[in-house]
Every structure is written in structure tokens, then in C-alpha cells.
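# Coordinates in review
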Amino acid sequence: MSHGYIRVAAVTPETTVADTKANAKSIIDWSFKAADAGAQIIVFPELCITGYTCGELFFQDTLLGEALQALRTIAENTKVLDAIIFVGMPLYYKGHLRNVAAAISHGKVLGFVPKTHLPDYSEFYEARYFEAGPEYAESISYPNGDIPIGAELIFSCESIPGVEIAAELCEDLWVPDSPSTRAAMAGATVIVNLSASDELTGKAAYRRQLVSMQSAKCYVSYIYSNAGIGESTQDVVYPGGGIIAENGRILAETKPFKGQMTITEIDYTESLKRRDQMTTFELDDDDYERVPFRLSPKRIELTRPIDPHPFVPSGREHLRERCEEILDIQAYGLRKRLEHTHSKTAVIGISGGLDSTLALLVTVRAFDILGLDRKGIIGVTMPGFGTTDRTYENAVTMIQTLGVTFREINISAAVRQHFSDIGQDEAVHDVTYENSQARERTQILMDIANKEGGLVIGTGDLSELALGWATYNGDHMSMYAVNCSVPKTLVRHLVRFYADFYGKDDENLRKVLLDVLDTPVSPELLPPEENGQIAQKTEDLVGPYELHDFFLYYVLRFGYTPEKIYLLAKAAFKTGTSEEAYDTDTIKKWLKVFYRRFFSQQFKRSAIPDGPKVGTVALSPRGDLRMPSDASARLWLDAVENL
């Protein structure tokens, strides 16, 4: 089962200018190499059969005749390959030369796509040789029958629904209204670009941005193949290099001058899912002709990198920018709510854990933005039956280091009175024992906020909301929830960022933040172990948050099936290798827990407070997730059982 993936390749062969026989052999050899590596869509550069830099030789009948013969040779010699291959060539049609992409599959030429935009500036003078068009599909005579030619062709794979391929050539990508935009609106999910772009200082980065942005705004996979160093270097140099992008992400690339084949898998179904969710993406395929072909569906073993932490910014290049952006979204959301309610006070329960730490850092930032005294932030520590010395001391140190108002209220006596009132045996450590403490803490915070004329700042995060790991009307409730769309893996990342960048000038802050990061995640509602260590570790009970965050991302962002998420998780966490983080049984176990809790706990999410949306995945019932509280998880749980 392919799960929507198909392997593709962008190839830069060894071009010999004007030697069509040598070029045909090179294209055939590389086609076999790509197919042997599993590629079923193979893209070569612009005019690769003749070479892009032929100049006046394009007017030579010998070259044009041999180019057609080379195309037949390539088709005949690749007919055993289960692939569709795109090659570039000059083609004489209706009295003019056309710069075309020829599509070949199983020994047949499927169609010709002419270049629409012919550059005639600076080092480019294609208009001297070539004519654009035709735009709409026409027919050209070929030894095996008429073949369609036109810019508005889509090569439609009948055996793999969803694989709809359109082609454009080089300059077509650089213009304001690219042919690929119209092709995407006509239903193309894959765009191939046969290019001959010379290398100039800074141009490689710009090409990369163009490919990435076109794939993003058109919701397509984009396969770009550029002419290489075999071209004539009379006045310019061609660097080669392939780029494969998917909905705005660069999946694989060969740097200029550094290689001849770029290969990876694309997910053509992702484009369909994104378009389905976008009400502004309207299909219009009236003018396009579908050219059918067939490929054998293959079971794909993923080689593309799958990020195990999809919510977390990757790489250090833009790390600070991304983290500051997230913190600003949270802080400016809170700033507006404080300003709107004329509140000069914020009340936060500080446990010494990750979530309350991030909420406090965000609140401090919001107060600083407003020019308010940090003393208006009341950090309340509320030790109870499960509080350990470590978390208590971290909470106190953090409050004091950040210069906010410290308040301590021990909840033990109040909770015992409540137990007495409702007839709860303190020795019975059940859900009532735990939730009574959480609700007592929330009551304290709410009443302090009323007394001080302030707002209770929520600390719960996106991962907890997804799993329902919160006490209803306890830590589930606040007056503004700054972490509500920040998953646990990102909470951890943001706290570490704050320690690294802002702790450099404050060693006490850095030290306490690092210790918070090193503390097991826990609600601390059960008594500590005899050695004083935390007894109740959340991830032992509900599973690793990095797995749950991974599941959450693909469930809500793309609506993937349990089977596909399982496949991705195995690839992301390197299951079955020496670097394995989780084995198949572990992934399956916690995937089942995720679906069970996600469905059963929707009633909590239906009543969550306001809070800022930070990323593409959010659970607000007023925004992103209008889900019934009583939906059955049976179909999803059955699918997990059958993995």
C-alpha cells in the first residue's frame, strides 16, 4: 500500500551540446538508475536531448531530425520501466520551433507541453529561435498516431488516483502568472519543471524560494530539474541541481554543481487534503485535456525525512526568530485581553512545572509590553499532598527571580475539609482524591483574581487538551489560556530557548529553567515516593508526549488514517533500526490511547476558555475544531487494532 506516496526524481544528465545520440544514451542510463531506485516520475532538464545552448544550430534540420529520432530511441529503450519520464527538446510544429517537454511512459510518447514564456532579455534570447504555444491542446502527427500538444495538458494516472501531472519550463515559473497556477486550479497535484537556469551570485537561493512558494500557494508537489555543466560555458555556466518540494516544504535537493540526481517520495494526497480544507481554492478544468497513462501502485518504504517533532522549529538558523514569534503571539494576545478588561493584575498558579513556567514567562512579557509593573503578576504556589521539594523550590525561585508578587497557600487543610464534606476517604487515591486538589487550586486562583480585580492566566497546553489530561472545571478553566495551542514538545522547546537566550544575563533564571526542563512532567496529585521523588509521572500513564504530539499533528493537520500515521511514526522514530526510539508495539499502544482519549474527552474542549492560536493545529471549539462531544472512536480504534 502506497498511502499516497510516489517516488520521484529530478535528474541532470551528462549533456553533450548538439550530440543527440550521446544525450539520448545518457538520458536512458539515468532513467534506469532512477527507476532502479524506485522513481516513477522522472524529470530531466529543458532541451536536454540537444542541449540548451545550441544557439543558431536550432535552425539546422539535421539537429531537429535527430532530436525526434532520439526521442523515439529514449521511448523504445525505456518501455520496460514503470515510470513517466519528462525530457526537453526542440519540436517543429506549424511553421515554428517550440521548446517542449515531452512526456514518455512505457515506450509511448504521451504528449508535448510547449514553453509559454520565452525570455528575450540579458543572456537569454529564446524568442530568436522559438515560438510560444499552442495554449490549448491540438494534435501533432507522430509515427504511432496523433499526439496532443499544448500548454494545457494534464497527464492523469488512471491506476493511481490523485497523480495528476502538469509541466512547465524554466521561465514559466518566474513570471507573475505561471502556467502551473492554472494547472493546479485545473486539478494538477504534481508540477514538473524542465529548466535551464544559469548560475549567478544569489540566484540559487532565489530559485529555491520560487519553487517552494509555488508549491505552497498552489498546493502541489513541485519537481524541478536544471541543466548542468555539460552545457556550453561560452558566456554563462549552468549548475545543474534538482529541487523537490511539497506544499511549501523542500523535501530534497541537489545543490548547484554537487550532484546529478535528486530523489525522494512525494505525498500527492496531501495536496488534495489541503485543497479540500481551503474554501478559496476553486477548481476550474474546463480548458484542460487529460492525457491518460498507467503506473503500477507500489508499496513505498519512506526515505524522505519525517520530523519526529513536527511542532518544533527545526535548525538553528531561524530558531530565535521563530521562538520570539511564538512568544509574541502569546504575549500580545494576553496584552489585548488585559487592556480590554482594564486589568492591572494577573494571577497564575505556579507549580514548578513546564506549563506554568511558560505561562509565567509569557505574562511577564505581556506586562513589559504594556509597561505595567511586574508586581501586578501574582504567582501563587499551592503545595498539596503530592508537592515535592524540588518543584516547590523551583516555583518559589522562579517567582522571585522574575520579580513578580509571591503568594503561598497550602491547600491540604481545605482539601481535607472538602473530603470530610463529601465523605471521601483520604486513603483512597482515586480520581476524586486527585481532582479535588485541582479544583481547590482553581477556586483559589479565581477568588484571588476577583479580590484583586485581575485575570486568571491558564497554563494548560495543547497536548493536555487533546488527551483530556485536565480536571474539568479545575486546571481546565481560566480567564485566558495562553498555552492552549502550544503542544508539550513546543512548550519544552520554548522554555529551553528562554533559558539559552535570556538566561545568559541571569544565571539564577537560567539555572531554575534548566531544572524545570529536567523535572518529570507530573500534576503532583499523589503523595511523593519515600525518597521524596515525584510518584505520579504523566508520561507513564498517558504515554510519551512526543508520540502524542506527532499523532495530533497528522490527525488534525491532514486527517490521515491510523495506518498512514503508523507508517510515518515508524519512519520518524526510526523503528527497526539501531537508532530506534519506539518499537512497533509501543507506537501502536499509544496510538490507540490517543484515539480513545481524543474522542472521549471532546466535552472538555467544548468548554475551554479563550486563548491565542499559535500554529496550524488548534482545538478551540470557536475556531478550528467543531467536533461533536459524543462521536464514536470505533472506526479509528478498529483500524489501529488491524495494523
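Residues numbered from 1 in each chain as written. Predicted model: local features only at pLDDT ≥ 70, side-chain atom pairs only at ≥ 80, totals over all residues. Heavy atoms only, no water.

## Description of the overall build of the chain
Looking only at helices and strands, one finds 20 helices and 20 strands in the chain. A principal-axis box enclosing the C-alpha atoms of the chain has dimensions of 100 × 50 × 45 Å. Of all 643 residues assigned to the chain, the portion counted as buried reaches 56%. For the chain, long-range pairs separated by at least 24 residues make up 74% of all intrachain contacts whose partners lie at least 6 apart in sequence. Of the roughly 27,000 Å² that the chain leaves accessible, carbon and sulfur atoms contribute 49%. Computing the positive centroid from 65 side-chain charges and the negative centroid from 88, the chain places the two 2 Å apart. (Helix = DSSP H or I, 4+ residues; strand = E, 2+ residues; numbered from the N terminus. Buried < 20%, exposed > 50% of the residue type's maximum accessible area, 1.4 Å probe, protein only. Contact = heavy atoms within 4.5 Å. Areas by Shrake-Rupley, 256 points an atom, 1.4 Å probe, with all protein chains shown as cover. Lys, Arg positive; Asp, Glu negative; His and termini not counted. Charge placed at Lys NZ, Arg CZ, Asp CG, Glu CD.)

## Focus: the packing of helix 1 (residues 20–36) against helix 2 (residues 61–77)
Packing of helix 1 against helix 2 leaves a shortest axis separation of 9 Å and a crossing angle of 25°. Taken together, the axis directions place helix 1 and helix 2 in an arrangement best described as roughly parallel. Judged by the twist between their axes, the crossing of helix 1 over helix 2 is right-handed. Residues Thr20, Lys21, Ala24, Ile27, Ile28 and Phe32 of helix 1 form the contact with helix 2, whose own contacting residues are Leu63, Glu66, Ala67, Ala70, Thr73, Ile74 and Asn77. Across the contact of helix 1 with helix 2, the residue classes break down as eight nonpolar, three polar and two charged. (Axes fitted to C-alpha atoms, helices over the stretch in contact; angles between N-to-C directions. Parallel < 35°, antiparallel > 145°, perpendicular 65-115°, else oblique. Left-handed = near helix turned anticlockwise from the far one by under 90°. Nonpolar A, V, L, I, M, F, W, Y, C, P; charged D, E, K, R; others polar.)

## Some points on unusual backbone geometry
Put simply, Gly133 and Pro134 share a cis peptide bond, and its omega is 5°. Within the element layout of this structure, Pro134 appears in the loop between strand 5 (108–114) and strand 6 (138–140). Notably, Ser122 is not glycine yet its phi reads approximately 50°, a positive angle. Note that Ser122 resides in the loop between strand 5 and strand 6. Positive phi, normally seen in glycine, also occurs at Phe257, with a value near 70°. Residue position: Phe257 is located in the loop between strand 13 (249–253) and strand 14 (261–267).

## Considering the pairing of strand 13
As paired elements, strand 12 (residues 242–246) and strand 13 share four bridges and run antiparallel to each other. Following the sheet pairing, Ile243 is matched in strand 13 by Glu253. (Pairing = 2+ DSSP bridges.)

## Observations concerning the side chain of Arg98
Considering the arrangement of structural elements, one finds Arg98 in strand 4 (residues 96–105). There is no salt bridge for the buried Arg98, and the closest opposite charge comes from Glu131, which lies 5.7 Å off by N-O distance. Among the polar contacts listed, one links the side chain of Arg98 to the backbone oxygen of Tyr93, at a separation of 3.0 Å. Reaching out from Arg98, the side chain makes a polar contact with the backbone oxygen of Gly133 at a distance of 3.0 Å. In contact with Arg98, not counting residues within four places along its chain, are Met89, Pro90, Leu91, Tyr93, Pro114, Phe130, Glu131, Ala132, Gly133 and Pro134. (Salt bridge = Lys/Arg side-chain N within 4 Å of Asp/Glu carboxyl O. Polar contact = N/O pair within 3.5 Å; in protein donor to acceptor, adjacent residues only side chain to side chain.)

## Remarks on the sheet that holds strand 18 (residues 405–408)
As summarised here, the arrangement of the five strands in space is 18-17-16-19-20, forming an open sheet in which the pairing is parallel. Here the strands that pair on one side only, and so sit at the sheet edges, are strand 18 and strand 20 (480–481). Here strand 19 (residues 455–458) runs beside strand 20; their pairing, made up of two bridges, is parallel. Note that in strand 20 the partner of Gly458 across the bridge is Ala481. Across the face of the sheet, helix 8 (residues 354–370) comes into contact with strand 16 (346–349), strand 17 (377–381) and strand 19 while running at roughly 165° to strand 16. Along the sheet face, helix 11 (residues 431–452) touches strand 16, strand 17, strand 18 and strand 19 and points at about 165° away from the line of strand 16.

## Quick notes on the environment of Pro544
Mapped onto the elements, Pro544 comes out in the loop between helix 15 (538–542) and helix 16 (545–558). The class of Pro544 is buried, set by a relative accessible area of 14%. In this structure the C-alpha to C-alpha distance between Pro544 and Val396, which are 148 residues apart in sequence, comes to 28 Å. When residues no more than four places from it in sequence are discounted, the contact partners of Pro544 are Glu539, Tyr582 and Trp590.

## Points about the sheet that holds strand 9 (residues 164–169)
In space, the seven strands of this open sheet follow the order 13-12-11-10-9-8-15, with mixed pairing throughout. For this open sheet the edge positions go to strand 13 and strand 15 (289–293), each flanked by a neighbour on one side alone. Neighbour to neighbour, the strand axes of the sheet diverge by 25° on average, direction disregarded.

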